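# Coordinate analysis (summary)
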Amino acid sequence: MKTTKTELCFTHYSEIAKTWPQSGRHILAHFDEESIWVYQAYRPSIANFAVENQTFGGDFKYTRMSWIKPNFLWMMYRSGWATKPGQEHILAIRITKEFFDEILEAAVPSSFCSDFYSSHDDWKKAVGSSDIRLQWDPDHDPRGEKQERRAIQLGLRGEFLHRFGKQEAREIKDITPFVSAQRSNVKEPANLQMPLERIYTPESNQAARNVG
């Protein structure tokens, strides 16, 4: 069931960046009491179908892993501010925090971590049986420079991907016009705007432990 549509809140990068930690692993995201926004980049046919139908279908492949990113600037780095082939459209997808935490609870790191697994074999078994892949990558500033801070991205497949694409998306927006307008401000951070992002702490203790 779709909920009432909401507006993304934007702010100046130069101001919001002052509130972020400079290092460590943090989920920076735009969220409210009920929902959290994640981002994906697609070619026009997939993006247009998703916006028109408010579900993923058409050329979208449910047989492939699909990655979601709650961090706007990481998405901008990955897509080249919507200029890379196949990533010309940026979608903002609103899902419930409950579903996001459920994703975190089921996530398995994309690389071996001895804090969670006693052996490589145990980790490989977990990777093979999980529908969620978790990856921490260097965050990036608007110009694409690496930061000490790490940003999260989550790979979905199987049941979780079907739920995300067909059931759990409460709202799908194409924010490409906004991205294109801000691309010209990349070299002038004082003028650059972006979604208002804060540190997101999972409400589920299990999810919080799972992402460290």
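Keep in mind it's a predicted model, so treat the numbers as computed, not measured. (Residues numbered from 1 in each chain as written. Predicted model: local features only at pLDDT ≥ 70, side-chain atom pairs only at ≥ 80, totals over all residues. Heavy atoms only, no water.)

## Some remarks on the environment of Tyr62
- For Tyr62, the position within the fold is in the loop between helix H2 (44–53) and strand E5 (66–68).
- Owing to a relative accessible area of 15%, Tyr62 belongs among the buried residues under this scheme.
- A sequence separation of 94 residues divides Tyr62 from Leu156, and the C-alpha atoms of the two residues are 9.6 Å apart.
- Ignoring sequence-local partners within four residues, the contact set of Tyr62 consists of Phe56, Leu161, His162, Gly165 and Lys166.
- From its side chain, Tyr62 meets the backbone oxygen of Phe56 in a polar contact 2.7 Å long. (Helix = DSSP H or I, 4+ residues; strand = E, 2+ residues; numbered from the N terminus. Buried < 20%, exposed > 50% of the residue type's maximum accessible area, 1.4 Å probe, protein only. Contact = heavy atoms within 4.5 Å. Polar contact = N/O pair within 3.5 Å; in protein donor to acceptor, adjacent residues only side chain to side chain.)

## What about the environment of Leu156?
- Turning to its location among the elements, Leu156 is positioned in strand E9 (residues 146–156).
- Taking C-alpha positions, Leu156 is 5.2 Å from Ser66, a pair spaced 90 residues apart along the chain.
- Here Leu156 is in contact with Arg64, Met65, Ser66, Ile68, Ile103, Asp131, Ile132, Leu161 and Phe164, once residues within four sequence places are set aside.

## A few points about the packing of helix H4 (residues 97–106) against helix H6 (residues 158–168)
- Remark: H4 packs on H6, axes separated minimally by 12 Å, with the N-to-C direction vectors making an angle of 175°. Overall, the two elements H4 and H6 adopt an arrangement that is roughly antiparallel. Touching Phe99, Glu102, Ile103 and Ala106 of H4 are Phe160, Arg163, Phe164 and Glu168, all from H6.
- Here the contact of H4 with H6 is composed, by residue class, of 5 nonpolar, no polar and 3 charged. (Axes fitted to C-alpha atoms, helices over the stretch in contact; angles between N-to-C directions. Parallel < 35°, antiparallel > 145°, perpendicular 65-115°, else oblique. Nonpolar A, V, L, I, M, F, W, Y, C, P; charged D, E, K, R; others polar.)

## A few points about the layout of surface pockets
- By volume, the largest pocket is sized at about 530 Å³.
- In terms of lining, the largest pocket is formed by 18 residues, of which the most central are Ala41, Tyr42, Arg64, Met65 and Ser66.
- Going through the elements one at a time, strand E4 (35–42), E5 and helix H3 (72–79) are the ones with two or more residues in the lining of the largest pocket.
- Top contributing element to the lining of the largest pocket by residue count: E4, with 3 residues. (1 Å grid on protein atoms, 1.4 Å probe; cavity = no way out; pocket = protein on both sides within 12 Å on 5 of 7 lines; lining within 4 Å. Points joined across faces, edges and corners; volume = space filled by probe spheres on them.)

## Concerning the nonpolar core
- Judged by nonpolar contacts, the single largest core of 35 residues is most densely connected at Phe56, Ile93, Phe100, Leu154 and Phe164.
- Take this core: its biggest share by element is 4 residues, from H4.
- Beyond its immediate stretch of four places on either side in the chain, Ile93 contacts Ile36, Trp37, Val38, Gln40, Phe56, Phe164, Ala169, Glu171 and Ile172.
- In terms of nonpolar packing, the next biggest core, distinct from the first, is built from 23 residues, Trp37, Tyr39, Met75 and Trp81 among them. (Core = buried A, V, L, I, M, F, W, Y, C linked by side-chain atoms within 4.5 Å.)

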